[in-house]
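Working through the structure, step by step
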Amino acid sequence: MSFEERLKQGEFCVAYCNNCDTVMWPHSSLCSKCFLNTRLIPSTKHGTLLEYSSQNGVIFCVCRMGDMDVMGRLLSQCAEGSPVYLSRCGMRDNAPFFEFTPEQT
């Protein structure tokens, strides 16, 4: 199944290279280090809010998830550095979307 097909099902996956143990984000079918084929693996849904801004009542954010920075929408405001959870992801109008909520501790 492709990255987009998995995302349509709400599954957050990343590209992983078995040859050099590298995770690629954004997704790529070829490894950026050794240029061999990658495979999709499920990724963590836990992260840290790096920064956010809002416009017209919508809060946009960048969250660190493992070694990756993922841009998305923050559904409920919290402080930078707070733990967040990828509560929803998918495809909308042929574009990926990622929605984060503050993680309950």
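Our structure is the block above this text.
Let me sum up the structure you'll find in this document. As the structure is a prediction and not an experimental result, all values here were calculated from the model. (Residues numbered from 1 in each chain as written. Predicted model: local features only at pLDDT ≥ 70, side-chain atom pairs only at ≥ 80, totals over all residues. Heavy atoms only, no water.)

Points about the environment of Thr 38
Locating Thr 38 in the fold gives a position in the loop between β2 (22-24) and β3 (39-42). For Thr 38, a relative accessible area of 18% puts it in the buried group. Thr 38 sits 14 residues away from Met 24 along the chain, and the two C-alpha atoms are 8.7 Å apart. Apart from the residues within four sequence positions on either side, Thr 38 is in contact with Ala 15, Tyr 16, Cys 17, Met 24, Ser 28, Ser 29, Leu 30 and Cys 31. (Helix = DSSP H or I, 4+ residues; strand = E, 2+ residues; numbered from the N terminus. Buried < 20%, exposed > 50% of the residue type's maximum accessible area, 1.4 Å probe, protein only. Contact = heavy atoms within 4.5 Å.)

A short note on the pattern of salt bridges
Here the structure, examined in full by the defined rule, presents four salt bridges. In this structure, Arg 6 engages Glu 11 in a salt bridge whose closest nitrogen and oxygen atoms are separated by 3.6 Å. By relative accessible area, Glu 11 is classed as partly exposed at 27%. The network of salt bridges with shared partners includes Arg 88, Arg 92 and Glu 99. (Salt bridge = Lys/Arg side-chain N within 4 Å of Asp/Glu carboxyl O.)

Re unusual backbone geometry
Look at the link from Trp 25 to Pro 26: it is a cis peptide, with omega at 0°. Here Pro 26 shows up in the loop between β2 and β3. A positive phi angle is found at Asn 56, which is not glycine, with a value near 55°. Among the secondary structure elements, Asn 56 is positioned in the loop between β4 (46-55) and β5 (58-65).

Considering the pairing of strand β7 (residues 83-92)
Examined bridge by bridge, β4 and β7 share three bridges and lie antiparallel to one another. Across the sheet, the residue bridging to Gly 47 is Val 84, located in β7. Bridge count for β7 against strand β8 (residues 95-102) is eight bridges, and the pairing is antiparallel. Bridged to Val 84 within β8 is Pro 102. Adjacent in sequence and paired antiparallel, β7 and β8 are bridged by two residues, among which Asp 93 carries a positive phi angle near 55°. (Pairing = 2+ DSSP bridges.)

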